[in-house]
Amino acid sequence: MSDNECMSTVFENIISGKWAGRFVWADDLCVVFATIEPTAPGHVLVVPRHVYEKWTDAPASVVAHLVEVAHTIGAVQEKSFDVPRSGLVIAGFEVPHTHLHVIPLRSEADVLLSNAAPASDEALDETMGKLREGLRAAGYGANVPLEMSSPTLA
């Protein structure tokens, strides 16, 4: 058994509530929460509940669902943050748990993960609140967790 199989990932700890998170979406297969080091305001991660070290390890049906959720989030980001487009990045070197970065883009520099920087709690609360409101307004309220700090829907 490898070290990765013995230890919980950062994302497992966030999803379980052991570590703090700011959730904007939840369903049976995945959750979406803020990254604490965004490249742009509103940058979130789409993370499957099940751990797949690499996105290519996940079943195609799970990847399709993650991309569908990322598409929904991206469309709402464009309206909520008044940006011309949103970007999608799958890299995965920093955490061995598949995750898709969905980023509101004002320029190509916003998509560069090397430009990520810590954000204040206030900034994260504000941007995730705005995204949660946008998701509700777009008709996705059933997938917006009751509390920002938990992926629980009911």
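Basis of the calculations
- Residues numbered from 1 in each chain as written.
- Predicted model: local features only at pLDDT ≥ 70, side-chain atom pairs only at ≥ 80, totals over all residues.
- Heavy atoms only, no water.
- Helix = DSSP H or I, 4+ residues; strand = E, 2+ residues; numbered from the N terminus.
- Rg over C-alpha atoms; globule rule 2.2 N^0.38 Å.
- Contact = heavy atoms within 4.5 Å.
- Buried < 20%, exposed > 50% of the residue type's maximum accessible area, 1.4 Å probe, protein only.
- Polar contact = N/O pair within 3.5 Å; in protein donor to acceptor, adjacent residues only side chain to side chain.
- Salt bridge = Lys/Arg side-chain N within 4 Å of Asp/Glu carboxyl O.
- Pairing = 2+ DSSP bridges.
- Expected span 1.5 Å × (residues − 1).
- Patch = residues over 30% accessible without salt bridge, like charges linked within 9 Å, V, L, I, M, F, W, Y side chains within 5 Å.
- Areas by Shrake-Rupley, 256 points an atom, 1.4 Å probe, with all protein chains shown as cover.
- Core = buried A, V, L, I, M, F, W, Y, C linked by side-chain atoms within 4.5 Å.
- UniProt positions renumbered as here; feature names shortened; annotations may be inferred.

- You'll find the protein chain entered in an unreviewed UniProt entry as HIT family protein, with Schaalia cardiffensis F0333 given as the organism.

1. Overview of the overall build of the protein chain
At step 1: Assigned secondary structure in the protein chain consists of 4 helices and 5 strands.
At step 2: Ordered by position in the sequence, the α and β elements of the protein chain form the string α-α-β-β-β-α-β-β-α.
At step 3: For 154 residues, the compact-globule estimate of 2.2 N^0.38 gives 15 Å, and the protein chain sits close to it at 14 Å.
At step 4: Along the first, second and third principal axes, the C-alpha set of the protein chain runs to 45 × 35 × 30 Å.
At step 5: Within the protein chain, residue pairs in contact and separated by at least 24 positions form 58% of the contacts whose partners lie at least 6 positions apart.

2. Quick notes on unusual backbone geometry
At step 1: Even without a glycine there, the phi angle at D82 is positive, about 50°.
At step 2: Topologically, D82 is positioned in the loop between α3 (60–80) and β4 (85–89).
At step 3: D82 sits in the exposed class, given a relative accessible area of 68%.

3. A closer look at the side chain of T98
At step 1: Relative to the assigned elements, T98 resides in the loop between β4 and β5 (100–105).
At step 2: At a separation of 3.2 Å, a polar atom in the side chain of T98 contacts the main-chain carbonyl oxygen of K54.
At step 3: At a separation of 3.1 Å, a polar atom in the side chain of T98 contacts the main-chain amide nitrogen of W55.
At step 4: Setting aside anything within four residues of it in sequence, one finds T98 in contact with V46, V47, P48, Y52, E53, K54, W55 and L66.

4. Quick notes on the pattern of salt bridges
At step 1: One pass over the full model with this rule turns up 2 salt bridges.
At step 2: A salt bridge links R22 to D125; the nearest nitrogen and oxygen atoms lie 2.5 Å apart. Of this pair, R22 sits in the loop between α2 (10–16) and β1 (23–26) while D125 sits in helix α4 (residues 121–137), and the two are 103 residues apart along the sequence.
At step 3: Each of the salt bridges in this network shares a partner with another, and the network as a whole consists of R22, D121 and D125.

5. Side note on the pairing of strand β3 (residues 44–48)
At step 1: A large share of β3 lies buried, amounting to 5 of its 5 residues.
At step 2: Bridge analysis of strand β2 (residues 30–34) against β3 gives 5 bridges, and the strand direction is antiparallel. Each bridged residue has a counterpart across the sheet, and for V32 the counterpart in β3 is V46.

6. Some words on α4
At step 1: The end-to-end C-alpha distance of α4 is 24 Å, a good match for the 24 Å that 17 residues give at a rise of 1.5 Å each.
At step 2: Remark: G139 follows α4 within two positions and exhibits a positive phi of approximately 95°.

7. A closer look at a nonpolar patch on the surface
At step 1: Taken together, the side chains of W55, V67, L88 and I90 make up a nonpolar region of the molecular surface, amounting to roughly 330 Å² of accessible area.
At step 2: Following the sequence through the fold, I90 ends up in the loop between β4 and β5.

8. Some thoughts on the nonpolar core
At step 1: Membership of the largest hydrophobic core comes to 25 residues, with the highest contact counts inside it found for V24, W25, V32, V46, I73, L131 and L135.
At step 2: Elements with a contribution of two residues or more to this core: β1, β2, β3, α3, β5 and α4.

9. Some words on the UniProt feature "domain: HIT" (unreviewed entry) in the protein chain
At step 1: In the numbering used here, UniProt assigns the feature "domain: HIT" (unreviewed entry) to residues 10–113.
At step 2: Secondary structure within residues 10–113 divides into 27% helix and 24% strand; the distance between the first and last C-alpha atoms comes to 18 Å.

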